[in-house]
Amino acid sequence: MQQTLELFPGITLRCMQDRRFKQSALSIQLLRPMDESEAAINALLPAVLLRGCRDYPDLQLITQRLDDLYGASIGTLVRRIGDYQTTGFYCGFMEDRFAMQGDQILEPMIRFALQLLLDPVTEDDGFSREFIDSEKKNLISTIESERSDKRTYAAARLLRIMCKSDTFGIPRLGEIPQVEAIDHRNAYSHYRKILRESPIEIFYVGSSPMDTVAALLQSQLSHLDRAPQSLPPQTGFQSCEGSEAWEQQNITQAKLSMGFITPITNRDPRFAAMQVFNAIFGSGMTSKLFMEIREKRSLCYAIGSGYYGSKGILTVNAGIDTRQEIPVKEAILAELDACRQGSITDNELAAAKESILSGLRAVYDGPGAMENFFSTAAISGLGRTPETYREEIRAVTAEDVADAAKTVTFHSAFFLKGASYD
């Protein structure tokens, strides 16, 4: 069971005490309103901080320290959760009870992670220039690699088109021009600002009691200069006029992305029905889109839907021949109409439920999966536990699915077509 404690104003600890694993997990996330002006710098900061701190000023010393902690790991954690962006660390480390007699891992791991977060290497009133320049190159390379994946590119372009009035279209890692504008001084100034103002979420999964973890964190954070500011509540899709756009590139397989909206978010009692609808409609190899459009009619190479529950956005992405744009669009809308009309078989309903239930069972497969589910749920405003959510999924009927489908309306589309066709 999850326990929650406010360590200091604006700093929240959430604990899942579990003795099944040899490994523990700890995440530290600063919460920011998603904002175009700072998305890139927020994505860059964890990588810069992990390059070194005052006691461990380079990667070699950091690696040696992690080796001393029985091969612990620490990595960057940048998430987009509804209206928020998070920036911080994820740590994985061995449980104290499996260490050699007299050795401790939890306490030095917490101290080490907070040293990296709070005591960075600085020069000339800013971060290390070397760290900034190197990690800017890495971030730009990551953004470029995502753009080179045409399916990812088309899906991102669709969200940009749909979310003209909503921050949800801002890329999780920001844009390359914003990365290029970062220097060692403005990055450090922003870091000091968000460290002072941002709500901080700390999540722990392991066998230690919450009181023990809390005491260790409080001893390290008590000196922190803070003036925390509250975040606005999560919101559903911010309405704007839809549109359709296209782009031509030298590709052999065109990418069609269609966006739909619904008032049902993960804070709505109809959320379970919406999730089951998405599974029946297009999520998975037993869905209507896959079976009807790909398998039976061979209109596409690949197709699937995704539902962003925090915003009430549903997308369909397909790899198609450029000439098949109109037939595929019509076929997608026809399968949506079939769901609205209740054309749902018992097998489709059962398969959709099982795919969701299987994912919920996997939440408890390891500390990392637990941290991902529960911390994201807390930040997004989802109050359900996997147990209560499973019961909601099991209770969904075909009529519930049809009612959820009736709330779904087409909004926008983006088509990335091959350069060899008009």
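Residues numbered from 1 in each chain as written. Predicted model: local features only at pLDDT ≥ 70, side-chain atom pairs only at ≥ 80, totals over all residues. Heavy atoms only, no water.

Asker: Report on the layout of surface pockets, specifying residues and quantitative values.
Answerer: Quantified by volume, the largest pocket comes out at close to 770 Å³. Looking at the largest pocket, it is lined by 27 residues, and the ones nearest its centre are Phe271, Gln275, Tyr307, Gly309 and Thr376. Secondary-structure elements contributing two or more residues to the lining of the largest pocket are strand S4 (73-81), helix H9 (271-281), strand S11 (302-308), helix H12 (346-361) and helix H13 (367-380). Broken down by element, the lining of the largest pocket gets its largest block of residues, six residues, from H13. By residue class, the composition of the lining of the largest pocket is 14 nonpolar, 12 polar and one charged. Taken as a whole, the second largest pocket encloses approximately 540 Å³ of empty space. In this structure, the second largest pocket is lined by 21 residues; those nearest its centre are Glu146, Thr152, Ala156, Arg157 and Pro171. Among the elements of the structure, helix H4 (129-148), helix H5 (150-162) and strand S12 (313-320) are those that each provide at least two residues to the lining of the second largest pocket. Of the residues belonging to the lining of the second largest pocket, the class tally is eight nonpolar, five polar and eight charged. (1 Å grid on protein atoms, 1.4 Å probe; cavity = no way out; pocket = protein on both sides within 12 Å on 5 of 7 lines; lining within 4 Å. Points joined across faces, edges and corners; volume = space filled by probe spheres on them. Helix = DSSP H or I, 4+ residues; strand = E, 2+ residues; numbered from the N terminus. Nonpolar A, V, L, I, M, F, W, Y, C, P; charged D, E, K, R; others polar.)

Asker: Please provide a residue-by-residue account of the packing of H9 against helix H14 (residues 386-395), values included.
Answerer: When two helices pack together, their arrangement is captured by the angle between the axes and the distance separating the axes. Two elements in contact, H9 and H14, have axes separated by 9 Å at closest approach and are oriented at 65 degrees. Seen from above, H9 lies across H14 with right-handed handedness. On H14, the residues that touch Phe271, Ala272, Gln275 and Val276 of H9 are Tyr389, Glu392 and Ile393. For the contact of H9 with H14, the per-class residue count stands at five nonpolar, one polar and one charged. (Axes fitted to C-alpha atoms, helices over the stretch in contact; angles between N-to-C directions. Left-handed = near helix turned anticlockwise from the far one by under 90°. Contact = heavy atoms within 4.5 Å.)

Asker: Requested: an account of the sheet that holds S11, with residues and values cited.
Answerer: In spatial order, the strands read S9-S13-S10-S12-S11; together these five strands make up an open sheet with mixed pairing. What marks the edges here is a single partner per strand, and that holds for strand S9 (244-249) and S11. Mean inter-strand twist for the sheet, computed between neighbouring axes without regard to direction, equals 15 degrees. On top of the sheet, H5 reaches S9, strand S10 (254-261), S11, S12 and strand S13 (409-418); it is set at about 140 degrees to S13, its chief contact. Each of S11 and S12 touches helix H10 (residues 288-296); the most contacted strand, S11, lies at about 155 degrees to it. (Pairing = 2+ DSSP bridges.)

Asker: Explain the sheet that holds strand S1 (residues 2-8) to me, using residue names and the numbers behind them.
Answerer: Here six strands make up an open sheet; going across it, the order is S1-S2-S8-S3-S5-S4 and the pairing mixed. Both edges of this open sheet fall to S1 and S4, since each of them pairs with a single strand only. On average, each strand axis in the sheet is inclined to that of its neighbour by 20 degrees, with strand direction left out of account. Here strand S3 (residues 23-33) runs beside strand S8 (residues 200-206); their pairing, made up of six bridges, is antiparallel. Across the sheet, residue Gln29 finds its bridge partner in S8, namely Glu201.

Asker: Residues and numbers for the state of the cysteines, please.
Answerer: Enumeration over the complete set of coordinates arrives at zero disulfides. Its sulfur unpaired, Cys53 is 12 Å from the next cysteine sulfur, which belongs to Cys91. Residue Cys53 is classed as buried on the basis of its relative accessible area, which comes to 1%. For Cys91, a relative accessible area of 0% gives the class buried. (Disulfide = S-S within 2.5 Å. Buried < 20%, exposed > 50% of the residue type's maximum accessible area, 1.4 Å probe, protein only.)

Asker: An account of empty space enclosed by the protein is needed here, citing residue identities and associated values.
Answerer: Under the counting rule described, the total for this entry stands at one cavity of 30 Å³ or more. Computed from the structure, the largest cavity encloses a volume of approximately 70 Å³. Lining the largest cavity are Leu30, Leu45, Pro46, Leu49, Thr87, Gly88, Leu117, Tyr191, Ile194 and Leu195. Counting residues per element, the ones that place at least two in the lining of the largest cavity are helix H1 (39-49), strand S5 (84-94) and helix H7 (184-197).

Asker: If you had to explain the packing of helix H11 (residues 325-340) against helix H15 (residues 398-406) to someone new, which residues and values would you point to?
Answerer: Where H11 meets H15, the axes come as close as 7 Å, and the angle between the chain directions of the two elements is 130 degrees. Classed by the angle they form, the pair H11 and H15 counts as oblique. Contact residues: Leu336, Cys339 and Arg340 in H11; Ala402, Ala405 and Lys406 in H15. Looking at the contact of H11 with H15, its residues break down into four nonpolar, no polar and two charged. (Parallel < 35°, antiparallel > 145°, perpendicular 65-115°, else oblique.)

Asker: Please provide a residue-by-residue account of the nonpolar core, values included.
Answerer: Across soluble globular proteins, nonpolar side chains have a tendency to be buried as a group. Leu13, Ile74, Phe93, Met109, Phe127, Ile202 and Leu217 are the most contacted members of the largest nonpolar core, which has 61 residues in total. The element contributing the most residues to this core is helix H3 (residues 106-118), with eight residues. With 56 residues, the next largest nonpolar core counts Ile356, Leu357, Ala377 and Tyr389 among its residues. (Core = buried A, V, L, I, M, F, W, Y, C linked by side-chain atoms within 4.5 Å.)

Spatial relationships are all this shows, so hold off on functional conclusions.
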